[in-house]
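Here is how the chains run, residue by residue.
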Amino acid sequence: MSDGQRSPTTGSGQIVVSGLTKQYKNVRAVNDLSFTVEPGRVTGFLGPNGAGKTTTLRMLLNLVTPTAGSATIGGRRYADLTDPLRHVGAVLEASSAHKGRTGINHLRVIAAAAGLPKTRADEVLAMVGLTPAAKRKFKGYSLGMKQRLGIAAAMLGDPRVLVLDEPANGLDPEGIRWMRGFLKALATEGRTVLVSSHLLSEMQLLADDVVIIAAGQLIRQGPVDQVIGSMAQTTRVRVRTPQATELAKALREQSAVVEVDPHGALLVAGVDAATVGRAALAVQAELHELTTERPDLEGVFLELTAGKAGIR
Ligand SMILES: Nc1ncnc2c1ncn2[C@@H]1O[C@H](COP(=O)(O)OP(=O)(O)OP(=O)(O)O)[C@@H](O)[C@H]1O
């Protein structure tokens, strides 16, 4: 932060989406959608292509007018925020800037228009690691550098709420790792960070909470672990043993659901690894493998959105 005058924790940065609906001519892009996004956490906003993520974020930022419902930030609609740049920073697509303008000048122009000190441009450029490219022209920036510049611009007003649409697009693995650390640190400072993405493995590493939508409607929201845990029936124990028939019989007697995979391993649902181990000992089965296979966010996402994905 540039100064100690305003902490991002003062005032609530909670986002509340309530009954939000957008009807285009032929498509209901967002359909009676309600969810909340809490300060101090990174929230992943997930959904298949065409689910309505971008439309929702654009309504939140007053770039699209809702057909019904509302979206508020700290209790106020974006349109009613005085000095919105100081409340909400947004990165909706890889930043665009005047091609011949340098990175630092791009930021200075925005800072000046918002009544922010010129020095703030240098601060945010350093924050995103672009100081070495400050005086390079925008047209020479890589996609990853443009993403960083977009984030720098969003940080100019030191906002307590950050909204990013697919920020990892175009970033290399090192860039993605940087982004993860950067966004987590902002949440740790008490800011609200809402990030849309289709990179589910990345979201599992980044997000504290997830909001999953499909076909414009809410499918599930909550802490990542809880959402994954809610599909606990898909947790299985994988076991390989030469005594597979005996072990499978013993496990089924304990109400476990046992399937055999094409390689002859048993996939056991309904009991934990310890129970499988004890059953193996009891029938004197020699274990070659005993692994718990937990569902990951990708598996849960595919299960939750099955049949609801697809381009509308
Ligand atoms: N301006 C528009 N006019 C008509 N239909 C639109 C408009 N904008 C979006 N849509 C439609 O609304 C639906 C939701 O689109 P949206 O871009 O919000 O989805 P998304 O979840 O962001 O998708 P993606 O992950 O593919 O970017 C899609 O069917 C899209 O074609």
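Since the structure is predicted, the reported quantities are computational estimates derived from the model, not experimental observations.

With respect to the environment of Leu 156
Now for step 1: As for its placement among the helices and strands, Leu 156 is situated in the loop between helix H4 (143-155) and strand S6 (161-165).
Now for step 2: A sequence separation of 79 residues divides Leu 156 from Arg 77, and the C-alpha atoms of the two residues are 21 Å apart.
Now for step 3: What Leu 156 contacts, discounting residues up to four positions off in sequence, is Leu 85, Leu 107, Ile 110, Ala 111, Ala 114, Leu 116, Arg 120 and Val 124.

Considerations on the site of the ligand
Now for step 1: In the vicinity of the ligand there are 13 residues, among which Ala 29, Asn 49, Lys 53, Thr 54 and Thr 55 approach most closely.
Now for step 2: Residue contributions to the shell around the ligand peak at 3 residues, all from helix H1 (residues 53-60).
Now for step 3: Taken together, the residues of the shell around the ligand break down into 4 nonpolar, 7 polar and 2 charged.

Let's talk about the nonpolar core
Now for step 1: Counting residues in hydrophobic clusters, the biggest one holds 70 residues, and the most contacted among them are Leu 107, Ala 152, Leu 156 and Val 163.
Now for step 2: Considering every element that reaches this core, the biggest residue donor is H4, with 7 residues.
Now for step 3: In this structure, Ala 152 is in contact with Leu 107, Val 124, Leu 125, Met 127, Val 128 and Leu 130, ignoring residues within four places of it in sequence.

Description of the sheet that holds strand S4 (residues 68-73)
Strand pairs in the sheet, formed through backbone hydrogen bonds, run parallel or antiparallel to each other.
Now for step 1: As summarised here, the arrangement of the 3 strands in space is S2-S1-S4, forming an open sheet in which the pairing is antiparallel. This sheet does not close on itself; its edge strands, each paired only once, are strand S2 (28-37) and S4. Sheet twist, expressed as the average angle between the axes of neighbouring strands with direction ignored, equals 20°.
Now for step 2: In the sheet, strand S1 (residues 15-23) pairs with S2 via 6 bridges, with the strands oriented antiparallel. Residue pairing across strands places Ile 15 opposite Val 37, the latter belonging to S2.

Some remarks on unusual backbone geometry
Now for step 1: Unlike most non-glycine residues, Asp 32 shows phi in positive territory, near 50°.
Now for step 2: The topology assignment puts Asp 32 in strand S2.
Now for step 3: Residue Asp 32 is classed as partly exposed on the basis of its 14 C-beta neighbours within 10 Å.

Comments concerning the domain arrangement of the protein chain
Now for step 1: Annotation of the protein chain at the domain level lists domain 1 (15-229) and domain 2 (236-293).
Now for step 2: Distance between the C-alpha centres of domain 1 and domain 2: 46 Å.

Re the confidence of the model for the protein chain
Keep in mind that low pLDDT regions are not for reading the predicted coordinates in detail.
Now for step 1: Across the protein chain, the average pLDDT comes to 89, with 93% of residues at 70 or higher.
Now for step 2: Within the protein chain, the lowest mean pLDDT, 79, falls on helix H10 (residues 297-305), and the highest, 97, falls on S1.
Now for step 3: Considering only residues more than four positions removed or in separate chains, one finds that residues 1-10, a stretch of pLDDT under 50, has 10 contacts.
Now for step 4: Taken over the whole predicted complex, pTM reads 0.81, whereas the ipTM for its chain interfaces reads 0.97.

What about the sheet that holds strand S7 (residues 192-196)?
Now for step 1: An order of S5-S6-S7-S3-S8-S9 is seen for the 6 strands of this open sheet, with the pairing classed as mixed. Strands at the two margins of the open sheet, each flanked by one partner only, are strand S5 (88-91) and strand S9 (217-223). When strand polarity is set aside, the average angle formed by the axes of neighbouring strands in this sheet is 15°.
Now for step 2: Of the strand pairs in this sheet, S5 and S6 are connected by 4 bridges, and their pairing is parallel. Directly across from Val 88, in S6, lies its bridge partner Val 161.
Now for step 3: In this fold H1 packs onto strand S3 (42-46), S6, S7 and strand S8 (209-214), with an angle of close to 150° to the strand it touches most, S6.
Now for step 4: With respect to the sheet, H10 is in contact with S3, S8 and S9, its orientation differing from that of S8 by roughly 35°.

Calculation criteria
- Residues numbered from 1 in each chain as written.
- Predicted model: local features only at pLDDT ≥ 70, side-chain atom pairs only at ≥ 80, totals over all residues.
- Helix = DSSP H or I, 4+ residues; strand = E, 2+ residues; numbered from the N terminus.
- Contact = placed C-beta atoms within 7 Å.
- Near = placed C-beta within 6 Å.
- Nonpolar A, V, L, I, M, F, W, Y, C, P; charged D, E, K, R; others polar.
- Core = buried A, V, L, I, M, F, W, Y, C linked by C-beta atoms within 7 Å.
- Buried ≥ 20, exposed ≤ 12 C-beta atoms within 10 Å, placed from the backbone.
- Pairing = 2+ DSSP bridges.
- Axes fitted to C-alpha atoms, helices over the stretch in contact; angles between N-to-C directions.
- Domains from an automatic or database assignment.
- pLDDT = per-residue confidence, 0-100.

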